[in-house]
Each structure stands twice: as C-alpha cells, then as structure tokens.
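Structural features, examined
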Amino acid sequence: MPVTAVGQSVSRKDGIGKATGAAKYADDLTWPGMLHGRTIRSTVPRGRIRAVLFDFDTTGFTIVDHADVPGSNMVDLIERDQPLLAVHEVRHVGEPILLLAHEDKEVLHAARVLVEYEELPPLLDPEGSEQTFKTITIDKGDAAAMAGADLVVEGTYQTGHQEHIYIEPNGVIAVPEDGGITVHGSIQCPFYALKALKALLGPDIPARVVQTETGGGFGGKEEFPSIPAGHAALLAHKSGRPVKIIYDRVEDMVSTTKRHPSIVRHRTGVKRDGTLVAMEVEVILDGGAYVTLSPVVLSRGCIHAAGPYRCDNIRIEGRAVFTNTPPNGAFRGFGAPQTEFAVEVQMERVAEALGMDPVEFRRKNALRAGDTTATGQVLREDCSALAVLDEAVRRTEFARKRTEYEGTDRAIGLSLFYHGAGFTGSGERYLKSRARLEVTPTGVRIATGSTEIGQGTRTMHAQIVADALGVPYESVEVAQPDTKHVVDSGPTVASRTCMVVGKILEECAVEMRSELGKLSPAEYFAKHGAMTVERMYEPPDWIRWDDATYRGDAYATYGWGCDVVELEVDPDTFDVRLLEVTAVQEFGRPIHPALARGQIEGGTVQGLGYALLERVVMRNGAMANAQLTNYTIPTTLDVPEIDVVMLENPYPGGPFGAKGLGELPMDGPAPAVVNALRHLGHDIRAIPATPEMIAASPVAART
Amino acid sequence: MRFTLNGLPVETNAHPMARLLDVLREEQRLTGTKEGCGEGECGACTVLVDGQSVCSCLVPVAQVEGARVTTIEGLHGTHPLQKLFMDEVGAQCGICTPGMVLAALALEDNPVPTLDDVRTALAGNLCRCTGYSAIYRAVLKWRAEADSGPHAAPEQASARHK
Amino acid sequence: MRIATSSLDLRRPATLESALQALRDDARTPIAGATDLYVTLNFGTLEARRFLDLSRLAELRGITERGDTLVIGALASFTALQRSPLVVKRLPMLVEAARLVGGVQIQNRATLGGNIANASPAGDSLPVLAAVDAAIVLRSVDGERRVPMTEFYTGYRASVMRPDELITAVEVPRVEGHQWFRKVGTRAALAISKVVVAGVRDGPRAARFAIGSVAPTVVRARKAEGVLAKGGKIEEAVRALQAEITPIDDLRSTAEYRTAVAGNLLRRFWAETA
C-alpha cells in the first residue's frame, strides 16, 4: 500500500482549534438553565460522620447525599469499594460527602455546610498497613541462588506522590435528556465513566458520555472522572437541570488521584565479572483509601521491577496497601516509573560495588532477543536494549565526560529502561476492543472510543486509515468520542491507542478497501450509500499468559529507552541545573515523527520534574501544598531542550510497525538524574531529589 | 465601564472587583482564555492589556477601564505564530496554547531572540504536555520568518545579515 | 473564585489626596497590581472585603533622582524597574530581583510598594532595600514620614505602617561598591524564595548584607557585618549570621537547609566581591 501520510508530520486535526482558542473544553460549554455543582468533602482522614448541618438558606439549592442514589453508590471499577458519597464513615481527606447545586456560582460557594465527625486514628504509614489490596509474586528460577553470588548489594528506594497537573482541572456537565443523563466532560475513558454511571443510575435511567476537548490527562482522567461525572449526574437527575462541576486547582490537587508512592527493596547477587546471579525485589505501593486501579498498577510495577536485564533467578514480591490518604490511581507509566527508578539506581550501585563501569555492567546484562524476562517471556527481535544503550553512550560521549567531570561540580548519569505496550497479559484479549470506520459523502469517518487528550489520537489514527485505505489524510474525519455513536475501543491508556486501536483501524481500512474496489469512499457513497466496517482486536496468537502464576508473555512488545542526564550542582545552594538531557528511545516506528518527539520531550520533562521538583507534602493525610506555587512542576527555565533520538525497529504486530510510546519516556529520567548525582558522590535513594536532600546526603569519595 | 476588547469598544456591567478572566469568559463569551489555577501561576489565562501580558485571573476588571484588552480571539487565527504552533506541534492538549501564544507576542519587538529570550518570555506559562521544546521551535521560527520575511524593512534585514 | 465578588467593595480615587482621605474615613485595604490579593481571594482565605485601588495614582509610578537619592514610586512595576535606566545604573541588584519575581505577567502588574506592603518574609525585593538602607516613604492626611527599611517590619507580616497610611515611594541613597544578589527559589522561575540575599561590598572590610525567608521578617545581618568590619574571619561572620536568623521548616524547605545555604551565600558574596 502506498504510504503518504504515515511517517510524515502532517498537520494536527485539532491544531487550528487549539491555536485559535476555538476548541471547547468542559468549562467553555453552557446549557440553558444550567446549575453549578459543588462537592462537600471530608476534612478528616478517618472518622464517622455524626451530623451534617446546613448553615445557609437552602432555597434554590439542589442537595444530594448518598440516599439520593438511584442505583449503586459504589464506583464500578475493579472492586466496588469506593462510595460516590460517604454514608457513615470517611476514610480520607477530600472524600465526597454531599453535593450542592445552585444557578449562581457565588451563592453556591458562599453556602456553609458543617460536618461533625467522630475522628478516628488514621493509618498513614504504608509500611505499617496490614490491609492489603493486592499481592503479587513473580518467581523465575530460584532466588536462593543468591547464596552462590560473589557479592550481594542491598538497597531501599523511595518515590513520592506525583500530581498530574493537567492544566485543565477536572470538569463535567451532566445534562438530562431523553429520560436519561448525558455527561459531557474532560474524560480519558468515556466507556469507564459510562459503566460507572450505569451502575450509579440503575437500569431505568439511560446514561451516555461525550468527551469534551480535554486539557491533559496523563492517567489522571482515566478512572477518576467517574466520580465527578456521577456527582453531576446525581445533581442533574434530582434537579432536572443541566449541572456543571468544575474543580478549582486546590480541590483538584487535594481530592484527586496521584501517582502511588513506593518503597522498593532490592537484594542483588552478582559474580565478580558482573554476571547477575539473583535478584530479590520487594515492592510496596501506597494505594490510599480505596482500591481504584492499584492492583493493576502494582502488576505493571512488579513486572518491570527487575529492569531490562537478564537474570536467571528472580523473585519479585509486591503489595499495594491501604492508608487513610486520598486514593492513588493511574499516572503515565502506571507503576513502572517507581520500580524502574529503584532498579536503575540499584544497578548503578551494584556496578559501583564491583568497581565496574556502569555502561559495561549494563551492556553485559541487558536483555537481548532470545533472553527471558522476569515473567519468563522470551524476547523477540523487537528487543532493543543494547541498541538504545549504545546509541546513547556514543551520542553523548558518555565515557569521555564521565572522566572529564571528575572533580568538578558537573556529572553525567544514565538509565536503561523498557515499557510494555498495551494491557498486561491476557488483558487485551478480555478487552475485546473494537473500532469502526464509516464511509461518508466526502470520505471516511473514524468512530472509536479512543480519546484525544493532546497526544495526537485523532491525527495518528487518521494517518493510519488514510494510508491503509489509500485516501488523502484530509478526507479522514475523526468522530468525537460519544458512547452513543462510537464503539468501545478499550480505554485510552497503557500506550495502546496507536498500537492496538491503530491496528484495528488499519484492519478496518484494509477490509473497507476490498469492499470499495477501485472507488474512492465518496464515489462509493454516491453510488451505494453508507458503508460501515467494524472489527475487534485480536492480540498476536502466540501470547500466553497465566494470571495465577504471573508467568508468560506479559506484553506483546516493549519500547526501549536510554536517558543520559548531564547536570551541575550549585556548591552553595545544591540546586541542580540540567545541562543536557538525551533520550534515545525505540518504539517501533513513529507514525507522526513530530507528535512522537512531543511525547518523548513532554514525558521526559514530566520525569525530570518527578526526579527533582515535584514533592507532595502530606500532613495528617492531606496534601498541604495544593497550589501550583508550592507544588512545583518544571517551567521553561528548569529544563533544557531534550535531545531526542528515535531508533526504528518496526514491530510486525503494530500498524505500520508502531509500538506504544506514551508512557516509555516517563520511566527513565528519574534514575538517570539520581545516577548523575551519584557520579558527584551524592548517595540519593529517594525522589524528588530536592536541594534539601542533596545538601543532607553523605558525599562519598568519587572513584 | 468601558474598555476596548480585541479592537472593539465594549461596555460591562460587571462588579468592579470581578476578575477580568470571568468577564471575558462569562460576560463576553470569549472562552479562548482559560483558567488553570486561579493563582497567576500557570499563565493559561494570559491576555494583553495595553500590549502587556497579564494573568487575567488576577486583574479586577475595574483596572482595565479605558484600556485595550487583547485575547486569543483578537488574533483572528491569522497570526503567523498561530500557524507555527500548528506546524511545530506546539499545542498538544491545547489548554495552555492561547496563553502561550499571547505571552510569546512580547517577543514581537525582538527581531532575533535567543532561545534564552524565549524561555524567559514564557517562564510564566506552564505546559505539562510538550516539555516546551516544540513551543520554542514555533516561536523561534516565527521570529526568523518575520526577520527574513517580505515585511522586514530592507535596511534592517541587510544590517542584520552582514 | 471562592469569595463572592458581590461581597467586595472597591473605590478608585483619582488623586493621592482623595486616596488618603478615603483611608482615613474608613478602613480599606489598598491594592495596586493585585497579584497577591487575587490569589487569596481565589483561595477564599482573605478576610478583607473593602479595597482602595491605587492604580490611577500616576504620581506614584515615577522613578526619579532627587540629588543623590533614587526615588522609586510605590506603583513602579517590576517590569518598570527592569526597564528604568536609573535603576539599571544605580541599583542593578534590584533589577535582578525584579527579573525573578514570578513570570512576565506578574512582573507587568506587581509593584514594588505592593511587595513591601504585603510583608511576606520571602519578598524578593526586600533584602535589596534592607541592604542599601532604603527609606520607605509613608503618607497620610497628616503628612509624610520616612522609615528606614530595616526598621519597617515589626514581626511576621507586621510593620510600623498605620492603616491610614500609604507607601508612596522608596528612597535609596547612593550605593557605592559592588552589589550582589542571589535568590534561591523552589525552582528556576515562578519560585518563592527559600533564601534570598542581597549584599553591598563597600570596602575591604565593609559589607552590608540582608537576607529573606529565614526569619519572620527580612534580616539585616548586623552581627555578621560587625564581625567583618572588625576584620574577623569569614567563618566567624557565617556563625554570627547563622545566629541572627531563625529559619523554620515549612512547605518549601527546612531550617537546616536555610541555615547552611545562608552561610554558603555569605561566603560566596565575600569571595566574589573581594
């Protein structure tokens, strides 16, 4: 098939709307008679609700509590443990208790609701938690082989919460229509929200979800929006009027999910020559007060916990635990940034203990085609660990700089990492994702549930369809995800939108082409009328996975990366100045090079923020620095331009050779930064590595 | 109270302490100006007041009495920087884009800004998607094209290219 | 915005006299650039509801010289400070401080007078004014008085300014010697200071040094200056400095870090201005 759009940086489908401000986000939309909604939340981390008192004139208000729920009050996710509105007890600060709506925002915000609690002692330390949401054990070979190692290195690594800081806070509008409720909103996964709304509203109230233009997600609008969507729906149902709920920044930071904090312990046994003998890894994730997606975050975290290394004997034990803190959830990388931080700093320390060059040590142990991962997956030719490592080292003149920076305030460090694309194990089989392609009078229309949240879904899907169908890119339209009009393509998560949904679309286009014969879609439409092709995803037939033992092919393929960070530490202030950051990544083949570069640049900068700046301060179970002034993400002056290298190694299972990309860039920056700080002699084992932490870290002699 | 909005005179009955942001979005129905934080930190609500960039979430509308206010809608989609934001993928989710474009206009007086000039000019605008690099590419290209474009004064152009 | 706009009241006097009269007649909070004000309005943490807008008082905007004294109007914005040839020439470290206050949007609106009146111990311009022995000019209907910057604050967010007074200007005497400024923020831009210092090196043993974010108010390091003036060792001066500050652990940093960095910056200042 002729390739004219794929591989080109064609104009974004949504570029003009965004550059002109015409694109409509949730808060830009209004409906006649619309009310504004507000959520009354717990101010204590654990307690029983004694009384709820209204200290305002309730005239003109719609007030909703748990008793107003027509269906189930539990969010329909992995476990149905999280109430949309608290009944008798609260388990975290920010937990929703009551909903108010009023047509006047000022009157709404002036309303005072007093909640009296019987406070109970909160559980805030994850290590002290005996309530476990999920445990996972991965066994490969026999970890007892550790006894045969020449050297055993141990270490404990910690990562903090990370807040998504999509620049558009959560927002939804629920509109009563046709006897049901339609929710429009800033939502990554409309079909997740639909499922939750159906459970909430019960069988008699039909639900529908329409995604509005979404101002960033990064996982933060994956499962969470089911809650504000449900709240707005309850208010709309009770009032009979459209209800808009827009979180302000403080509310969004205090109440919504974050990246799971982690504690990861490593014991690694090696031979004198650097051969890995055995690895033992313990992973603890702080799940917060409800299960949300913690089991699957833990799963991905554990699967990636041994890093991209060949080792015959591995034991990984993970647990996600309960604490009285706001529930944590999906965030780009989904458990892997935590565990890959730990393993990459551990590997640096092992090399150091051996007196080996960190590059040589990694080169010796990096996974190659034919090797097996921790879950026993035999890697195929799409394994590029060595390729990314070698290119990164060559391009940055790593060895030369490593020596040259000795004795200065400068340092260089690297990380080697990988990221499984798509749902874990049999997940893609269970999902049964579908995509649909429709002939229109002017071309074709893509109708999937995949959302555009900035990453370029519309554009990249249209490119795939254009080339697979042999039509101009401009003639491909992309329908706005609306659960009434598109099919469920699975969630827009897990680096699967290009590789998995793009693949179904490619197959739809091929099938449509054979139906069209030599006609263009428009000619076909004029002659025969509408035509629709719909297909379901079939994962590669060789995938074998056992959920009980965690053995098998965890992912159809992996993306590979090596990040190199050069930095300077101010000797007076311990501020870290990033000098050069190089990201070498292999993700099959880029469908749209500029979009792909943007994913790597943006993901790398999020990773650099995670490494150095972004610290959630929790006090008595609540985020104490819930303002953008005090939770600091990188500005233009904090990060250099990222030197991006996209290595190609086309993956036969993806459309035009593409693998997943979205999450990969998040995994590497933090360990590369910390390994560079180690090069300076700072023994850092936790992130964010703030100047305060660097100032307090023991400086070992540089070797 | 009157002010000039995107070149046209407007009259507002809003409370003098109403945020300029709310007057623009809710009264004037210009929703291209976005609210990201309400604390002047993200820059998504950036507009120009008498040519200077401000965070409209921190401005009482009373203080723009008689002033010229320019929002993203005032560029009418025809500003070359808007096209370059599209070409260079300076917009991903797009929520910071209007503010970013308006903040970048401060560089209009700078014929050949350095990368550091661009960084400094945009330090008040947070973007969580792009890591900023694509935005720099768009802005630098805009200045380079303006510098060598048909509108550049010939004597200036030759002076600069000596 | 969490506070109802309709609960607020604003007066916009056109002259300084009417502004001062309004302040005398009823208690109002003066506002100018409003960049701090709206943060607290948006968060719903502000108690004040009645405001007096100074932005029409053009006479408070100017930056001039009066004899040897640099006179900066209270309404001079941080952008105006950066662009003023007088400030660039006479007080370059104030230009540096002005460049690091928020982003451009904030610099375009925020005023020097507002930074002083807001009285945050982290205010970026305050160590500069304290180090150069600036005077704050206060006006009320009763007349004008001058308060040395080093005596202006009485405690955390408290000053000698009366509710019926306005800051109209800052007067800076001629500064001889090397000016030195350093802000240590929570990040490279849009940062609140964790430590902020300004120093003037007037001679081999003479230094003036002020430091912010390490005590309830900006601190003029008289003891450390005294050690250096007597020809004492820099390490002795560092100890003196660390004894005259009272940093705390807060959301942004730790007392330990602030203490160590304060000392490091005094050493660096002394070495670089030698």
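Residues numbered from 1 in each chain as written. Chains lettered and ligands numbered in written order. Predicted model: local features only at pLDDT ≥ 70, side-chain atom pairs only at ≥ 80, totals over all residues. Heavy atoms only, no water.

A few words now on the overall build of chain C. Per the secondary structure count, chain C includes 12 helices and 14 strands. Here chain C has a C-alpha radius of gyration of 19 Å; the compact-globule value for 274 residues is 19 Å, and the two agree. Structurally, chain C occupies a C-alpha span of about 60 × 45 × 30 Å along its principal axes. Buried positions account for 59% of the 274 residues belonging to chain C. Taking as baseline every contact in chain C between residues at least 6 positions apart, the subset at least 24 positions apart corresponds to 59%. Separation between the mean location of the 38 positive side-chain charges and that of the 29 negative ones in chain C comes to 4 Å. (Helix = DSSP H or I, 4+ residues; strand = E, 2+ residues; numbered from the N terminus. Rg over C-alpha atoms; globule rule 2.2 N^0.38 Å. Buried < 20%, exposed > 50% of the residue type's maximum accessible area, 1.4 Å probe, protein only. Contact = heavy atoms within 4.5 Å. Lys, Arg positive; Asp, Glu negative; His and termini not counted. Charge placed at Lys NZ, Arg CZ, Asp CG, Glu CD.)

Before going further, it helps to spend a moment on the interface of chain B and chain A. If you look at the interface, chain B gives 40 residues, while chain A gives 52 residues. Between chain B and chain A the total buried area reaches about 3800 Å² when both faces are included, carbon and sulfur atoms providing 55% of it. Of all residues in chain B, Met 86, Gln 92 and Arg 128 of chain B bury the most surface against chain A, accounting for 21% of the area lost on that side. Where chain B meets chain A, there are six salt bridges. We note a salt bridge from Arg 25 of chain B to Asp 28 of chain A, for which the minimum N-O separation is 2.8 Å. At the level of secondary structure, the elements contributing two or more residues to the side of chain B that touches chain A comprise helix H1 (20–27), helix H2 (80–87), helix H3 (97–104), helix H4 (115–121) and helix H5 (133–148) of chain B. A total of four residues in the side of chain B that touches chain A trace back to one element, the largest contributor, which is H5 of chain B. Partitioning the side of chain B that touches chain A into residue classes produces 18 nonpolar, 12 polar and 10 charged. (Buried area = accessible area lost by both parts, 1.4 Å probe. Salt bridge = Lys/Arg side-chain N within 4 Å of Asp/Glu carboxyl O. Nonpolar A, V, L, I, M, F, W, Y, C, P; charged D, E, K, R; others polar.)

All names here are of chain A. Within the element layout of this structure, Thr 159 appears in strand S8 (residues 151–159). A distance of 2.6 Å separates a polar atom in the side chain of Thr 159 from a polar atom in the side chain of Ser 262. Beyond its immediate sequence surroundings of up to four residues, Thr 159 is in contact with His 260, Pro 261, Ser 262, Gln 338, Phe 341, Tyr 610 and Ile 687. (Polar contact = N/O pair within 3.5 Å; in protein donor to acceptor, adjacent residues only side chain to side chain.)

Residue and element names in this part refer to chain C. The strand order across the open sheet built from five strands is S4-S5-S10-S6-S7, with neighbouring strands paired in antiparallel fashion. Each edge of the open sheet is held by one strand with a lone partner, namely strand S4 (63–66) and strand S7 (143–148). On average, adjacent strands in this sheet sit at an angle of 25 degrees to one another, irrespective of strand direction. Examined bridge by bridge, strand S5 (residues 69–73) and strand S10 (residues 166–172) share four bridges and lie antiparallel to one another. By the bridge assignment for S10, Gly 73 is matched with Ala 169. (Pairing = 2+ DSSP bridges. Axes fitted to C-alpha atoms, helices over the stretch in contact; angles between N-to-C directions.)

The next thing to look at is the interface of chain A and chain C. Counting from both sides, the interface comprises 29 residues of chain A and, opposite them, 26 residues of chain C. Of the roughly 2300 Å² buried between chain A and chain C on both sides combined, carbon and sulfur atoms contribute 51%. Contact with chain C buries area across many residues of chain A, yet Glu 106, Asp 572 and Glu 692 of chain A alone supply 27% of it, more than any other trio. At the boundary of chain A and chain C, one finds four salt bridges. Put simply, Arg 268 of chain C and Asp 572 of chain A hold a salt bridge, and the shortest N to O gap is 2.5 Å. The interface formed by chain A and chain C contains 14 residue pairs in polar contact (both at pLDDT 80 or more). The element best represented in the side of chain A that touches chain C is helix H18 (residues 691–696) of chain A, accounting for three residues.

Partitioning chain C into structural domains gives domain 1 (5–52), domain 2 (60–172) and domain 3 (178–272). With centres defined by C-alpha atoms, the gap from domain 1 of chain C to domain 3 of chain C works out at 34 Å. (Domains from an automatic or database assignment.)

Ile 316 and Leu 567 of chain A, Val 139 of chain B together with Leu 81 and Ile 116 of chain C are the most contacted members of the largest nonpolar core, which has 241 residues in total. Here the element with the most residues in this core is helix H7 (residues 336–354) of chain A; it accounts for eight residues. Those residues in contact with Ile 316 of chain A, other than ones at most four positions away along the chain, are Ile 136, Thr 137, Ile 138, Val 281, Val 283, Cys 302, Ala 305, Ala 306 and Ala 374 of chain A. Residues Leu 437, Tyr 473, Tyr 537 and Ile 543 of chain A belong to the second largest nonpolar core, which totals 38 residues. (Core = buried A, V, L, I, M, F, W, Y, C linked by side-chain atoms within 4.5 Å.)

With that settled, the discussion passes to the packing of aromatic side chains. Residues and elements named next belong to chain A. This structure, assessed with the given rule, holds 12 aromatic pairs over all chains. With centroids separated by 5.7 Å and ring planes inclined at 55 degrees, the aromatic side chains of Phe 54 and Phe 56 adopt a geometry described as tilted. What makes Phe 54 partly exposed here is its relative accessible area of 38%. Residue classification places Phe 56 among the buried residues on the basis of a relative accessible area of 16%. Three or more aromatic residues link up through ring pairs in this structure, and these residues are Tyr 418, Tyr 555, Tyr 558 and Trp 560. Residue placement shows Lys 13 over the ring face of Tyr 473; its charged tip is 4.1 Å from the ring centre. Taking NZ or CZ as reference, Arg 380 lies 3.7 Å from the ring centre of Trp 542, over its face. (Phe/Tyr/Trp six-rings, centres within 6.5 Å; stacked < 30°, edge-to-face > 60°. Lys NZ or Arg CZ within 6 Å of the ring centre and 35° of its normal.)

Further remarks concern unusual backbone geometry. Backbone torsion omega between Ile 687 of chain A and Pro 688 of chain A reads 0 degrees, so that peptide bond is classified as cis. With respect to the element layout, Pro 688 of chain A can be found in the loop between strand S28 (686–687) and H18. Positioned with a positive phi, Phe 218 of chain A is a non-glycine residue whose angle comes to about 60 degrees. Secondary-structure assignment places Phe 218 of chain A in the loop between strand S11 (207–211) and helix H4 (226–239). Judged by relative accessible area, Phe 218 of chain A falls into the buried class, the value being 11%. Unusually for a residue other than glycine, Ala 34 of chain C sits at a positive phi of about 65 degrees. Position of Ala 34 of chain C relative to the elements: it lies in the loop between strand S2 (29–31) and helix H2 (37–43).

What follows concerns the domain arrangement of chain B. Note: interface size is frequently given as the accessible area lost on complex formation between the parts. All names here are of chain B. One can read the domain layout of chain B as domain 1 (2–74) and domain 2 (77–150). Contacts between domain 1 and domain 2 engage 12 residues on the former and 11 residues on the latter. On the domain 1 side of the contact with domain 2, Cys 42, Thr 46 and Ile 72 bury the most area, a combined 44% of that side's loss. Here domain 1 is connected to domain 2 by zero salt bridges.

Residue and element names in this part refer to chain A. End to end, helix H12 (residues 457–469) covers 18 Å across 13 residues, agreeing with the expected 18 Å (1.5 Å per residue, within 8%). In terms of burial, H12 is a largely internal element, 13 of the 13 residues being buried. Just downstream of H12, Gly 470 is the residue with a positive phi angle, here 70 degrees. (Expected span 1.5 Å × (residues − 1).)

Attention shifts here to the pattern of salt bridges. Residue and element names in this part refer to chain A. Across all of its chains, the model carries 96 salt bridges over all chains by this definition. For Arg 363, the salt bridge goes to Asp 390, with nearest N and O atoms at 2.8 Å. Of the two residues, Arg 363 sits in helix H8 (residues 358–365) while Asp 390 sits in helix H9 (residues 385–396), which places them 27 residues apart along the sequence. By relative accessible area, which is 33% here, Asp 390 ends up partly exposed. Salt bridges sharing common partners tie together Arg 12, Asp 14, Lys 18, Glu 213, Glu 452 and Arg 458.

A few words on the side chain of Arg 201 of chain C. Residues and elements named next belong to chain C. Within the element layout of this structure, Arg 201 appears in strand S12 (residues 193–201). Put simply, Arg 201 is tucked away with no salt bridge, and the nearest opposite charge, on Asp 202, sits 7.5 Å away. Separated by 2.9 Å, the side chain of Arg 201 and the backbone oxygen of Trp 270 make a polar contact. Side chain to side chain, Arg 201 and Thr 273 meet in a polar contact 3.0 Å long. Those residues in contact with Arg 201 that sit more than four places away from it in its chain are Glu 176, Gly 177, His 178, Ala 206, Ala 207, Phe 269, Trp 270, Thr 273 and Ala 274.

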